[in-house]
Amino acid sequence: MANIVKHDYTISKEDRNKKNRHRSLVIWFTGLSGSGKSTIANKLEKRLFEEDINTYSLDGDNIRSGLNKGLGFSREDRFENNRRIAEVAKLFLDAGMVTITAFISPLKEDRDQAREILGKENFLEVFVNTPLSVCEKRDTKGFYKKARAGEIDNFTGISSPYEAPENPDFEIKTIEESAEEAVERLFDLLQQKIKFNE
């Protein structure tokens, strides 16, 4: 872009990681509405926080009530919503944080874009694999009922597609394990990824 020159600051991401004694990373949760993304993300953040890992969570509903409140659910708005989330996560990555994102991010193209923005070495895709029938039965926010009644347009899984990751970095099948069990499995992987206390 014209008339913009990036300023390089003295303190780098690597400096912050060294001070924190762990690598920064973005953990990108994807799954249908009601799949359990936010619940698991919240439990994971608590687990990491207890281990003195610097963390921050970005959640779909929270971001849409602030930074992205002007965006709807059209294809174009979803793409921009996803792009902004990835760019914000990149800032937290540079700040030395283990950043947890919990967004439907329904299309492969959008998740690939996030991976490109963040760098594949900094991006861990976690697929919360919960069948649509289970999500719809839970319907904790009443969205599926409204979508079935035609009251919500472009609702993922009903009137808008969800492209499940074919090769996620980590998969959680919520009908086979509890949120607590999934968090412990993911925590074990993260110990290798972010090199705790090194």
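What counts and what doesn't
Residues numbered from 1 in each chain as written. Predicted model: local features only at pLDDT ≥ 70, side-chain atom pairs only at ≥ 80, totals over all residues. Heavy atoms only, no water. 1 Å grid on protein atoms, 1.4 Å probe; cavity = no way out; pocket = protein on both sides within 12 Å on 5 of 7 lines; lining within 4 Å. Points joined across faces, edges and corners; volume = space filled by probe spheres on them. Helix = DSSP H or I, 4+ residues; strand = E, 2+ residues; numbered from the N terminus. Nonpolar A, V, L, I, M, F, W, Y, C, P; charged D, E, K, R; others polar. Core = buried A, V, L, I, M, F, W, Y, C linked by side-chain atoms within 4.5 Å. Buried < 20%, exposed > 50% of the residue type's maximum accessible area, 1.4 Å probe, protein only. Contact = heavy atoms within 4.5 Å.

1. Description of the layout of surface pockets
For the largest pocket, the calculated volume is near 720 Å³. Residue assignment for the lining of the largest pocket shows that the elements contributing at least two residues are helix H2 (37-50), helix H3 (60-64) and helix H4 (75-94). The element best represented in the lining of the largest pocket is H4, accounting for four residues. For the lining of the largest pocket, the class distribution of residues is nine nonpolar, 13 polar and nine charged.

2. Considerations on the nonpolar core
Core analysis: the largest hydrophobic core is formed by 23 residues, its most contacted members being Ile-27, Phe-29, Leu-44, Leu-48, Val-126, Leu-186 and Leu-190. Elements that contribute at least two residues to this core include exactly strand E1 (25-30), H2, strand E3 (98-102), strand E4 (123-129), strand E5 (170-173) and helix H8 (179-193). Per-element tally for this core: the top contributor is H8, with six residues. Apart from residues lying up to four places away in sequence, Val-126 is in contact with Ile-27, Trp-28, Phe-29, Thr-30, Phe-170, Ile-172 and Leu-186. Residues Trp-28, Ile-63, Val-88 and Phe-103 belong to the second largest nonpolar core, which totals 14 residues.

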